[in-house]
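Below, each chain spelled out in residue letters.
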Amino acid sequence: MNLNLTSTINFESIAKRQLRKQVVDLCLATGKPILKLSTRDYMDHGLYELVEEYGSAGLVNIEVFNILQHTITGWPGGKPNADDSTRPERALPYPKRVIVFSPHPDDDVISMGGTIRRLVQQKHDVHIAYQTSGNIAVGDEEVSRYMHFINGFNQLFADGADEVINKKYKEIRNFLKLKQLGDGDNRDVLTIKALIRRGEARNACAYNRIPKSRIHFLDLPFYESGRIEKHPLGEADVRIVEQLLQQVEPHQVFVAADLADPHGTHRVCTDAVLAAIDEQRRKHAKWVDDCRVWMYRGAWSEWEIENIEMCVPMSPEELREKRNAILRHQSQMESAPFLGNDERLFWQRAEDRNKATAQLYDDLGLACYEAMEAFAEYRI
């Protein structure tokens, strides 16, 4: 059940994608925006056949400029009562039911936090589905901190009378004290770490004004090995995702497509969503015909510009709001176990990536924004 995203994403025709890439590469090589490229530029870089095909350098430039211009939208859910012929998303239905699938309990805000806030502000029914517990990505010191709080709470407000808390506190404290480097966690510690991630996710959702009724913790079984190596994706995982899709019947689905995720969880989570949609299509679920699937990338990489089909701009204030939502995930800041070789924190990676996308659009002669979040459509 391992889908090949590079072959199943149905981008624009190969010719259009290649045209975009060639012209963008030419802009970067010459240091010119699209609309200033000359016939000489095309000739000097072996691209004169494009001028011959379109009739002039100016016509090539306008073609690519318009393609990129039409990817930019401040209405990621579609703009109601507007001509949507050149917009990435359709105007109707409005409001839309939206599910954002987040592999870990922070990928939603890291990857598309600005877009989520925009969807909420524009009155769409936004659901966030956290596919895994994320429990192995919590440091032991976070567990100790919460356990000290719980024990202190018990002492202050119950005179230490809660025997369950007393017993568990001692058991977990002793387990962590004896734990050696490389040892896995027992089920109690994994449960506490999952609770920590849940609390942070709820906090971030509250900041983004998403009600509790639209927050879903799926806890897909494949992830619950307690170690970096996960179980294979199975029917139980797909069935859990399918049940949520049946419940919400979304008009829009956002999924991760970050193949640079070092442990592969993003890829497996996306496979689960696409398999569940395929199963719903096999069962002739009507909602599938009116649903669009958008793919985002996360903390490690961005879509190549020739593959971007929707780009949502952010102002400085909106970028700061995105950062604030990411910072709600305190366990994933400096103490997170899997930051990797990149010393930047997740909010820094996200900001740098979003600013770089906006800078590239600016360099190409399009509108200049503080930051942008990019998406490619998966056509189901």
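So, here's what we can say about the structure. The shown structure was predicted, so the numbers you read here are calculated from the model rather than taken from an experiment.

**Digging into the packing of helix α8 (residues 163-178) against helix α9 (residues 187-207)**
Now for step 1: Close contact between α8 and α9 brings their axes to 10 Å; oriented N to C, the two are set at 100°. In terms of axis orientation, α8 runs roughly perpendicular to α9. Between α8 and α9, the contacting residues are K168, E171, I172, F175 and L176 on the first element and D188, V189 and I192 on the second.

**Some points on the packing of helix α7 (residues 140-158) against α8**
Between two packed helices, both the angle of their axes relative to each other and the distance between the axes serve to describe the pair.
Now for step 1: For the pair α7 and α8, interaxial distance at closest approach is 10 Å and the crossing angle is 155°. Viewed along their axes, α7 and α8 adopt a mutual orientation that is roughly antiparallel. For the element pair α7 and α8, the recorded crossing hand is left-handed. Judged by residue contacts, D140, V143, S144, M147, H148, I150, N151, N154 and Q155 of α7 engage I165, N166, K168, Y169, I172 and L176 from α8.
Now for step 2: Of the residues belonging to the contact of α7 with α8, the class tally is seven nonpolar, six polar and two charged.

**Looking at a nonpolar patch on the surface**
Now for step 1: A grouping of F149, I150, F153, L156 and F157 is seen on the molecular surface, where their side chains present a nonpolar patch of about 600 Å² in accessible area.
Now for step 2: Position of F157 relative to the elements: it lies in helix α7.

**Details of unusual backbone geometry**
Now for step 1: Cis peptide bonds are those with omega within 30 degrees of zero, and the linkage from L92 to P93 qualifies with 0°.
Now for step 2: Position of P93 relative to the elements: it lies in the loop between α5 (57-69) and β1 (97-102).
Now for step 3: In this model, Y94 is joined to P95 through a cis peptide bond whose omega is -5°.
Now for step 4: One can find P95 in the loop between α5 and β1.
Now for step 5: One non-glycine residue with positive phi stands out, namely K123, at about 70°.
Now for step 6: Tracing the backbone shows K123 in the loop between α6 (107-121) and β2 (125-130).

**Points about the nonpolar core**
Now for step 1: In terms of nonpolar packing, the biggest core is built from 60 residues, with V23, Y42 and F101 touching the most fellow members.
Now for step 2: In terms of residues, this core owes the most to one element, helix α11 (residues 265-282), which gives seven residues.
Now for step 3: If we ignore the near neighbours within four places in the chain, the residues touching F101 are A129, Q131, L218, V241, L244, L245, V253, F254, V255, A256, V273 and Y296.

**Overview of empty space enclosed by the protein**
Now for step 1: This model, assessed by the stated rule, comprises three cavities of 30 Å³ or more.
Now for step 2: In this model, the second largest cavity occupies a volume close to 40 Å³.
Now for step 3: Lining the second largest cavity we find G114, R117, R118, Q121, E318 and E321.
Now for step 4: Of all the secondary structure elements, the ones that give two or more residues to the lining of the second largest cavity are α6 and α12 (316-327).
Now for step 5: Per element, the largest residue contribution to the lining of the second largest cavity is four residues, and it comes from α6.
Now for step 6: A per-class count over the lining of the second largest cavity returns no nonpolar, two polar and four charged.

**Considerations on α7**
Now for step 1: The end-to-end C-alpha distance of α7, which contains 19 residues, comes to 26 Å, matching closely the 27 Å that a straight helix rising 1.5 Å per residue would cover.
Now for step 2: Once α7 finishes, D159 follows within two positions and takes phi at roughly 55°, a positive value.

**Structural notes on the sheet that holds β2**
Now for step 1: The seven strands are arranged β3-β2-β1-β4-β5-β7-β6 in an open sheet whose pairing can be described as mixed. Looking at which strands have only one partner, the edges of the open sheet turn out to be β3 (215-217) and β6 (310-314). Recorded for the sheet is a direction-independent mean angle of 25° between the axes of neighbouring strands.
Now for step 2: Along the sheet face, α6 touches β1, β2, β4 (252-256), β5 (292-296), β6 and β7 (371-378) and points at about 95° away from the line of β7.

**A word on α8**
Now for step 1: In this model α8 runs 23 Å from its N-terminal to its C-terminal C-alpha over 16 residues, within 8% of the 22 Å that 1.5 Å per residue would give.
Now for step 2: N166, Y169, I172 and L176 are the residues of α8 that are buried. What you see down the axis of α8 is that its buried residues fit within an arc of 145°, all on one side. α8 presents E163, V164, K167 and L178 as exposed residues on the side facing more than 90 degrees away from its buried surface.
Now for step 3: Residues of α8 that are buried in the fold lie against α7 and α9.

**Digging into the packing of aromatic side chains**
Now for step 1: Under the definition given, this model contains five aromatic pairs.
Now for step 2: Measuring from ring centre to ring centre gives 5.4 Å for Y130 and F217, while their planes differ by 20°; the resulting arrangement is stacked. Of the two residues, Y130 sits in strand β2 while F217 sits in strand β3, which places them 87 residues apart along the sequence. Considered together, Y130 and F217 belong to a single accessibility category, that of buried residues.
Now for step 3: Taking the centre distance of 4.8 Å and the plane angle of 45° together, the rings of F153 and F157 count as tilted. Here F153 pairs with F157, and both are found in helix α7, just four residues apart, close to one helical turn.
Now for step 4: Linked through ring pairs, F149, F153 and F157 together constitute an aromatic cluster.

**Re the pairing of β2**
Now for step 1: With five of its six residues buried, β2 lies for the most part within the structure.
Now for step 2: As judged from the six bridges shared by β1 and β2, these two strands associate in the parallel manner. Residue V98 lies in a different strand from β2, and its bridge partner there is V126.
Now for step 3: Note that the unit made of β1, α6 and β2 has a crossover that is right-handed.

Scoring rules and cut-offs
Residues numbered from 1 in each chain as written. Predicted model: local features only at pLDDT ≥ 70, side-chain atom pairs only at ≥ 80, totals over all residues. Heavy atoms only, no water. Axes fitted to C-alpha atoms, helices over the stretch in contact; angles between N-to-C directions. Helix = DSSP H or I, 4+ residues; strand = E, 2+ residues; numbered from the N terminus. Parallel < 35°, antiparallel > 145°, perpendicular 65-115°, else oblique. Contact = heavy atoms within 4.5 Å. Left-handed = near helix turned anticlockwise from the far one by under 90°. Nonpolar A, V, L, I, M, F, W, Y, C, P; charged D, E, K, R; others polar. Patch = residues over 30% accessible without salt bridge, like charges linked within 9 Å, V, L, I, M, F, W, Y side chains within 5 Å. Areas by Shrake-Rupley, 256 points an atom, 1.4 Å probe, with all protein chains shown as cover. Salt bridge = Lys/Arg side-chain N within 4 Å of Asp/Glu carboxyl O. Core = buried A, V, L, I, M, F, W, Y, C linked by side-chain atoms within 4.5 Å. Buried < 20%, exposed > 50% of the residue type's maximum accessible area, 1.4 Å probe, protein only. 1 Å grid on protein atoms, 1.4 Å probe; cavity = no way out; pocket = protein on both sides within 12 Å on 5 of 7 lines; lining within 4 Å. Points joined across faces, edges and corners; volume = space filled by probe spheres on them. Expected span 1.5 Å × (residues − 1). Pairing = 2+ DSSP bridges. Arc of directions from axis to C-beta. Phe/Tyr/Trp six-rings, centres within 6.5 Å; stacked < 30°, edge-to-face > 60°. Right-handed = clockwise from strand over helix to strand, strands pointing away.

Remember that the coordinates give geometry; whether it matters functionally is a separate question.
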